[in-house]
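# Fold and contact review
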Amino acid sequence: MFKAHCWLLFVMVAFAGKAFPAADPLAVEVNAIPVSEDYVLRTWGVDEGLPSNRVTSLTQTPDGYLWVATLGGLARFDGVRFTLFNTERRTQAVFTARDGNLWVGMDGGAVARRVDGRFKMITPGAEREGPPISFDQDASGAVWFGYETPTKVVRWLAGQLTTYTVQDGILGKSHQNEVCSTANGTIWYANTAGCGAFDGKRFQSIDPAGGGFVHLARAGDGGMWAKRGNHLVRYHPDGSPETKADVSALSVHVMMEDSSGNLWLGTNNAGLIRFKNGRWDRAPVEGSAVSALFEDREGNL
């Protein structure tokens, strides 16, 4: 996806069925992960029209446009060229709701929603707020977003905003409050102190992660992937955890399970990594930092 300073690219997956060495669940060694050549890569950056090479989030709207959030603003990609929006403001997160509307999180805690081709402000944010860093949608249709700072996540439903903080089960004294929905529409949060699911009234937090960032990724079977402290954990649909690997050697920034059941890890020190059935391989992206992942409707990553 990026060079060392994060170039955008698409990864077309064309696996040839090669067998890779099974990963030791107790320790992942970066240098031992094989680099696969079974990918077709293409790269876009500022020379092709992006407002910044630092990409923070990606989504696709029903009209086929790819929307790219960057530190230099928002861009829309039609497959050939980029159209720029709001380049005076850092854009941190983008999301497409089930009704097809685009949601955008910006500096200062601002959130906007694009309806019928026009952006409408949902919340202007506040001077000392960090940007929303992620969005997702629950089974009721409510859109949730988590903030970099302070410790809170917000639910938007039928025009009404509800804020959830430490009083509602979120572990406090933390930042990077990420949200993610399971396949059946249950919202989870994750931050530097822990993670947990929303039970309809409050968040039921899991024991603290033991240090380090926590990241989430929806699992196709209704469960949830979580990078908690040094471990990659798979929470099954019944809530039972299964530790898959010790990933202390990886500086994980983002995770995503694709439509084929592959778990992808974007890292700050080892590029783009695939995990499937206990085996690891690495896509040969330029540089070592990958900060956003998205699978489009054609199956491109």
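What comes next is a walk through the structure. None of these values were measured; they are calculated from a predicted model.

### Some remarks on the sheet that holds strand β18 (residues 203-205)
The strand order β15-β16-β17-β18 describes an open sheet built from four strands, whose pairing is antiparallel. Each edge of the open sheet carries a strand with a single partner, namely β15 (178-181) and β18. Mean inter-strand twist for the sheet, computed between neighbouring axes without regard to direction, equals 25°. Across three bridges, strand β17 (residues 194-198) lies against β18 in antiparallel orientation.

### A word on the nonpolar core
Residues Trp225, Leu232, Leu250, Met255, Leu263, Leu265 and Trp280 are the most contacted members of the largest nonpolar core, which totals 18 residues. Elements that contribute at least two residues to this core include exactly β23 (252-257), β24 (263-267) and β25 (272-276). By size, the runner-up hydrophobic cluster in this structure holds 11 residues, among which are Ala93, Ala97, Phe145 and Tyr147.

### Focus on the sheet that holds strand β26 (residues 279-283)
Backbone hydrogen bonds are what pair the strands of a sheet, in a parallel or an antiparallel way. With antiparallel pairing, the four strands of this open sheet are ordered in space as β23-β24-β25-β26. Of all the strands in the sheet, just β23 and β26 have a single pairing partner and so form its edges. Across the sheet, the mean angle from the axis of one strand to that of its neighbour is 25°, orientation sign disregarded. Strand direction decides the pairing type here: β25 and β26, joined by five bridges, are antiparallel. Note on β26: the bridge partner recorded for Phe275 is Trp280.

### Comments concerning the side chain of Thr267
Along the chain, the position of Thr267 falls in strand β24. For Thr267, a relative accessible area of 0% translates into the label buried. At a separation of 3.5 Å, a polar atom in the side chain of Thr267 contacts the main-chain amide nitrogen of Asn269. One polar contact links the side chain of Thr267 to the main-chain amide nitrogen of Ala270, over a distance of 2.7 Å.

### A closer look at the packing of aromatic side chains
Following the criterion strictly, the structure yields 22 aromatic pairs and no others. Their ring planes at 65° and their centres at 6.0 Å tell us that Phe85 and Phe119 sit as a pair that is edge-to-face. Residue Phe85 is found in strand β6 (residues 82-85), and its partner Phe119 is found in strand β10 (residues 118-123); the two are separated by 34 residues along the sequence. Here Phe95 and Phe135 contribute two aromatic rings whose centre-to-centre distance is 6.3 Å and whose plane-to-plane angle is 15°, an arrangement assigned as stacked. Taken together, the residues Phe95 in strand β7 (residues 91-96) and Phe135 in strand β11 (residues 132-137) connect sequence positions 40 residues apart. With a relative accessible area of 12%, Phe95 lands in the buried category. What makes Phe135 buried here is its relative accessible area of 7%. A network of ring pairs unites the aromatic residues Phe95, Trp103, Phe135, Phe145, Tyr147 and Trp156 as a single cluster. Lying across the ring of Tyr65, Arg76 places its NZ or CZ 4.3 Å from the centre. Lying over the aromatic face of Tyr147, Lys152 brings its terminal NZ or CZ to 4.5 Å of the ring centre.

About the criteria used
- Residues numbered from 1 in each chain as written.
- Predicted model: local features only at pLDDT ≥ 70, side-chain atom pairs only at ≥ 80, totals over all residues.
- Heavy atoms only, no water.
- Pairing = 2+ DSSP bridges.
- Helix = DSSP H or I, 4+ residues; strand = E, 2+ residues; numbered from the N terminus.
- Axes fitted to C-alpha atoms, helices over the stretch in contact; angles between N-to-C directions.
- Core = buried A, V, L, I, M, F, W, Y, C linked by side-chain atoms within 4.5 Å.
- Buried < 20%, exposed > 50% of the residue type's maximum accessible area, 1.4 Å probe, protein only.
- Polar contact = N/O pair within 3.5 Å; in protein donor to acceptor, adjacent residues only side chain to side chain.
- Phe/Tyr/Trp six-rings, centres within 6.5 Å; stacked < 30°, edge-to-face > 60°.
- Lys NZ or Arg CZ within 6 Å of the ring centre and 35° of its normal.

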